[in-house]
Amino acid sequence: MCPNSADRVSSPSFGYPMGATPPDSAQTSGLSHPQPMPSKAMPVAWLILIGVIVVLASGFVVALALGWLKLG
């Protein structure tokens, strides 16, 4: 058995006595260089592309339903 086993606790103290507050850590927030605004062109282009695909697919289904297109 270790000589100081009675002083040990189940959670590690990382070198600080129980109840002591460790020193503050480095601050990661605060003033920094201004971040550039992301471009809104790509999300708009993706929305337009998806809209065109939905309209074309819907038109294809409607044309099949009305008999305007024959498959096979």
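Residues numbered from 1 in each chain as written. Predicted model: local features only at pLDDT ≥ 70, side-chain atom pairs only at ≥ 80, totals over all residues. Heavy atoms only, no water.

Chemist: Would you mind going over the overall build of the protein with me for this structure?
Modeler: Looking only at helices and strands, one finds one helix and zero strands in the protein. For the protein, buried positions account for 1% of its 72 residues. (Helix = DSSP H or I, 4+ residues; strand = E, 2+ residues; numbered from the N terminus. Buried < 20%, exposed > 50% of the residue type's maximum accessible area, 1.4 Å probe, protein only.)

Chemist: I keep staring at a nonpolar patch on the surface and nothing clicks. Help me out?
Modeler: The grouping of Phe60, Val61, Val62, Leu64, Leu66, Trp68, Leu69 and Leu71 at the surface amounts to a nonpolar patch, some 820 Å² of accessible area in total. Locating Trp68 in the fold gives a position in the segment after α1 (41-65). Note on Trp68: relative accessible area 65%, which makes it exposed. (Patch = residues over 30% accessible without salt bridge, like charges linked within 9 Å, V, L, I, M, F, W, Y side chains within 5 Å. Areas by Shrake-Rupley, 256 points an atom, 1.4 Å probe, with all protein chains shown as cover. Salt bridge = Lys/Arg side-chain N within 4 Å of Asp/Glu carboxyl O.)

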